[in-house]
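# Reading the structure
Okay, here's what each chain looks like letter by letter:
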Amino acid sequence: IGLSPDWRFHPRSRPSQPRHRQLSFPPGRVPVMANSPDPSDRAAVRDYVLGGPLIDQLSISREDATDDEVDRWTSVATRLCEQLSMDQTSLDPAQASRVYRYYLPVYLWCVARLDAHRSNAA
């Protein structure tokens, strides 16, 4: 038929323009990430996790973040770091943010949904 190939119909080709936009921040408003918390310091882990943007979606208060709960968070973070081949004791700020402020809250959300499902099924 003589149609020119279109990238949308060919899975291996790439669009000429990226699909994502580069984030831009006004001058002086670039977000600063805190350093990685020391896994052996419960208070540091608690403050770091509770300071993340997703934790509010889980309705976890400071009172809910008991020492046992923080120990559980640290255990999950340790396992995540092992799976991702990261050294938990020397995470850079971006890695710490990913593990403690993204992956951990998502994991906790999934566990909460599973628990709710199990209690409804019983």
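Everything that follows concerns the structure shown earlier in this document.
Below is a summary of the structure that appears in this document.

Thresholds applied
- Residues numbered from 1 in each chain as written.
- Predicted model: local features only at pLDDT ≥ 70, side-chain atom pairs only at ≥ 80, totals over all residues.
- Heavy atoms only, no water.
- Helix = DSSP H or I, 4+ residues; strand = E, 2+ residues; numbered from the N terminus.
- Contact = heavy atoms within 4.5 Å.
- Areas by Shrake-Rupley, 256 points an atom, 1.4 Å probe, with all protein chains shown as cover.
- Axes fitted to C-alpha atoms, helices over the stretch in contact; angles between N-to-C directions.
- Parallel < 35°, antiparallel > 145°, perpendicular 65-115°, else oblique.
- Nonpolar A, V, L, I, M, F, W, Y, C, P; charged D, E, K, R; others polar.
- Buried < 20%, exposed > 50% of the residue type's maximum accessible area, 1.4 Å probe, protein only.
- Phe/Tyr/Trp six-rings, centres within 6.5 Å; stacked < 30°, edge-to-face > 60°.
- Lys NZ or Arg CZ within 6 Å of the ring centre and 35° of its normal.
- Expected span 1.5 Å × (residues − 1).
- Arc of directions from axis to C-beta.

## Remarks on the overall build of the protein
Secondary structure summary: the protein contains three helices and zero strands in total. Looking at the protein alone, contacts between residues at least 24 apart form 53% of all its contacts between residues at least 6 apart. Of the roughly 9500 Å² of accessible surface on the protein, 52% is carried by carbon and sulfur atoms.

## What to know about the packing of helix H1 (residues 42–50) against helix H2 (residues 67–83)
Taken N-terminus to C-terminus, the directions of H1 and H2 make an angle of 75°; their axes are 10 Å apart at the nearest point. It follows from the interaxial angle that H1 and H2 lie roughly perpendicular. Here Arg42, Val45, Arg46, Val49 and Leu50 of H1 lie close against H2, whose contacting residues are Asp67, Val70, Asp71, Trp73 and Thr74. Here the contact of H1 with H2 is built from residues that sort into five nonpolar, one polar and four charged.

## Things to note about the packing of H1 against helix H3 (residues 93–121)
The interhelical angle for the contact between H1 and H3, taken along N-to-C directions, is 75°, at an axis separation of 9 Å. Comparing the axis directions of H1 and H3 gives the class roughly perpendicular. On H3, the residues touching Val45, Tyr48 and Val49 of H1 are Pro93, Ala96, Ser97, Tyr100, Arg101 and Leu104.

## A word on the side chain of Thr74
Among the structural elements, Thr74 can be located in helix H2. Residue classification places Thr74 among the buried residues on the basis of a relative accessible area of 13%. Setting aside chain neighbours within four positions, we find Thr74 in contact with Pro39, Val45 and Gln88.

## Things to note about the side chain of Arg46
Looking at the secondary structure, you find Arg46 in helix H1. You can call Arg46 buried: its relative accessible area is 13%. Excluding its chain neighbours within four sequence positions, the residues that come into contact with Arg46 are Arg62, Ala65, Thr66, Asp67, Val70 and Trp73.

## Points about the packing of aromatic side chains
The final tally for this structure, using the stated rule, is two aromatic pairs. The ring of Tyr48 has Arg101 sitting right over it, with the charged end atom 3.9 Å from the ring centre.

## Side note on H2
For H2, built from 17 residues, the straight-helix expectation of 24 Å at 1.5 Å per residue is met to within 8% by its first-to-last C-alpha distance of 24 Å. Of all the residues in H2, the buried ones are Val70, Trp73, Thr74, Val76, Ala77 and Cys81. For H2, the arc enclosing every buried residue in end-on projection is 165°, short of the 170-degree limit, so these residues lie on one face. Opposite its buried face, H2 presents the exposed residues Asp68, Arg79, Glu82 and Gln83, each directed more than 90 degrees away. Contacts from the buried residues of H2 go to H1 and H3. Taken from the residues just after H2, Ser85 is the one with a positive phi, measuring 55°.

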